[in-house]
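Each chain, letter by letter, is given below.
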Amino acid sequence: MSETLQKADPFIEIDGELCKGCKLCIDVCPKTVISISDKLNGSSYHPAYYLGHDCTGCGLCFYACPEPAAIRVVKP
Amino acid sequence: MKVFEKPTSFYPRFERKGGPHKETTHYCPGCGHGNVHKMIAEAMDDLGIRERTVFVSPVGCSVFGYYYFDCGNIQAAHGRAPAVATGIKRANPDSIVISYQGDGDLAAIGTAETLHAANRGENITVFFVNNAIYGMTGGQMAPTTMIGQKTATTPRGRIETEHGNPIRMAEIISTLPAAGYVERVAIGTSKHIMKARKAIRKALTNQVENRGYSFVEILSVCPTGWKMDSPDARDWLLNEMTQVFPLGVYKDDAGERENEWYRPVEPFVPEKVDAYFSAGNFEEADEPIKLDKSLQCKFAGFGGQGILTLGLFMAQVGMRGKLHASWIPSYGPEMRGGTANCSVNLSEARIGTPLVDRPNVLVVMNQPSLEAFEKDVVDGGTILIDSGIVESKPDGDRLNCILIPATKIADEVGTPKVANVVMLGALCAATGAFELDFVEETLRAVVKKRNLVDMNITALKRGYDFVRNGG
């Protein structure tokens, strides 16, 4: 593991096209760093998105999300 | 570095799924199935069992398990997943078999299969996703629907005195001695989900270590069927459902059972099956017996007269003579005293149907059978009648009638029970299809009670002589 990665912050990747907008990730996030988009995705859902900072990499949103591939959490 | 991402036990793309969206599930937003699938797939990854896992899908929303799990998949008939899982596991004891079922599947139509698989302690893992409603069919009342819960079929709410109470499967199954591990968890808060994740892993680990039957009931949500948004549904689950379905471990005997519930299988060898059924333990004739015409025989009488056995002997004579043979019984529920009949086909050609509607040989050993079947016999057919029992006479112009006091002769031989074999002897003489010696050798090979063989042979000869020589 590189020095850069070790120091990097945890982050969440949400694939807006795979999200069905159930909001469960928002519900469980202890840091409230996920929000729901105003825009509709290709399946007519308002997808969740990561605010871009303060994720701790706890992974709770990953387990709360019913979709296999909509959320990816990286904790360097 | 820790990465939380799609487990590799899922297909990279869900190609089997119809429609354009090949990377999402077919489940509604907020559905609990997605969470459970994800945790199972993750456990399969971590335990390294994907290659030997067979996922049995039920009928219900999760019917399409095979869209998602990159392992062996079978979709079972409604409620039968534990029975199918039993078969897979018994035939392949090294496979990891998951029976994944909803409440309608597991606790309604499949209750019997569920309980008996648990009672046998099948070394399988059952995941029971309980969302208190029939989701796939449009939100009808399920066996686990809560009192007062409104569904499509309980518009005023479930009423105890009309619809019964929600059924608690974890509690019921935990009463069965052979069930190893029974726990109820919930897809609620993160804490609950983590507990569920642990239970799922434990249930699969138990199977890997051959600790027997594991059952994890997962309280889940159906936002669509419940008509709620997802966070509200999770709240309702935690506030209401857990009151009726308390969470916790109901049984855990699995810890002491390592490798105890492994059921090895021996390779399938057809000869073993033959030996088991005592078939083929006689030497066949060198040349197939020649028949003037195929024999379509009907044997009929009271239960207890040995009617079905008589038909079996006849079929075995045919088998030993390298003929095609079929035997099919028809009898009432009584072991003794009811009516019984059987149909036997013997033919040089393959037999299309084992049924005999128009016999050319009829053996009757009681009055009702003569009345029932005489009219079915083809013109010129042979009819053998136990004249000591049957009072009336058949139509002698149309049929070749042989009257023989079989039961009386048998009684003289030693027991009325061999009246059927007297009839067999008479039948051989009347049809001329088989040599007496050949039938005798067959009887010696197939009569199960060895001490009665000689009496049977005597009865056979008496019947034969009666027809050939008039007694």
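A brief report on the enclosed structure follows. (Residues numbered from 1 in each chain as written. Chains lettered and ligands numbered in written order. Predicted model: local features only at pLDDT ≥ 70, side-chain atom pairs only at ≥ 80, totals over all residues. Heavy atoms only, no water.)

Points about the sheet that holds strand E10 (residues 324-331) of chain B
Residue and element names in this part refer to chain B. Sheet architecture is open: six strands sit in the order E10-E11-E9-E12-E13-E14, paired in mixed fashion. Edge strands, defined here as strands with exactly one partner in the open sheet, are E10 and strand E14 (400-404). Sheet twist, expressed as the average angle between the axes of neighbouring strands with direction ignored, equals 15°. Relative to strand E11 (residues 339-347), strand E9 (residues 295-302) is paired through eight bridges, and the arrangement is antiparallel. The residue bridging Cys297 from the neighbouring strand is Val344, located in E11. Contacts between helix H15 (residues 419-431) and the sheet are confined to E9, strand E12 (361-364), strand E13 (382-386) and E14, with E13 contributing the most and set at about 150° to the helix. (Pairing = 2+ DSSP bridges. Helix = DSSP H or I, 4+ residues; strand = E, 2+ residues; numbered from the N terminus. Axes fitted to C-alpha atoms, helices over the stretch in contact; angles between N-to-C directions. Contact = heavy atoms within 4.5 Å.)

Observations concerning unusual backbone geometry
Unlike most non-glycine residues, Thr32 of chain A shows phi in positive territory, near 50°. As for its position among the elements, Thr32 of chain A is in the loop between helix H2 (24-28) and strand E2 (34-36). For Thr32 of chain A, a relative accessible area of 55% puts it in the exposed group. In this model, Lys322 of chain B sits at a positive phi of 60°, which is unusual for a non-glycine residue. Inspection of the secondary structure assignment puts Lys322 of chain B in the loop between helix H12 (307-320) and E10. (Buried < 20%, exposed > 50% of the residue type's maximum accessible area, 1.4 Å probe, protein only.)

Brief notes about the pattern of salt bridges
Residues and elements named next belong to chain B. Counted according to the given criterion, the structure contains 29 salt bridges over all chains. Arg90 serves as the salt-bridge partner of Glu122, at 2.8 Å between the closest nitrogen and oxygen. One end of the pair, Glu122, is in the loop between helix H5 (111-119) and strand E5 (125-130); the other, Arg90, is in helix H3 (residues 81-91), and 32 residues separate them in sequence. Its relative accessible area of 34% is what places Arg90 among the partly exposed residues. One salt bridge connects Glu440 with Lys461, and the closest N-O pair in it is separated by 3.5 Å. Taken as a pair, Glu440 in helix H16 (residues 436-446) and Lys461 in helix H17 (residues 453-469) lie far apart in primary sequence, 21 residues in all. The class for Glu440 is buried, based on a relative accessible area of 13%. Note on Lys461: relative accessible area 34%, which makes it partly exposed. Taken together, the shared-partner salt bridges connect Glu42, Asp46, Arg197 and Arg201 into one network. (Salt bridge = Lys/Arg side-chain N within 4 Å of Asp/Glu carboxyl O.)

Thoughts on the sheet that holds strand E6 (residues 179-186) of chain B
Residue and element names in this part refer to chain B. Here seven strands make up an open sheet; going across it, the order is E3-E2-E4-E5-E7-E6-E8 and the pairing mixed. Each edge of the open sheet is held by one strand with a lone partner, namely strand E3 (72-75) and strand E8 (248-252). Adjacent strand axes in the sheet meet at a mean angle of 15° when their direction is disregarded. When E5 meets strand E7 (residues 213-219), the two strands line up parallel, connected through six bridges. Across the sheet, the residue bridging to Thr125 is Ser214, located in E7. Where helix H8 (residues 190-208) meets the sheet, its contacts fall on strand E4 (96-102), E5, E6, E7 and E8, and the angle it forms with E6 comes to roughly 160°.

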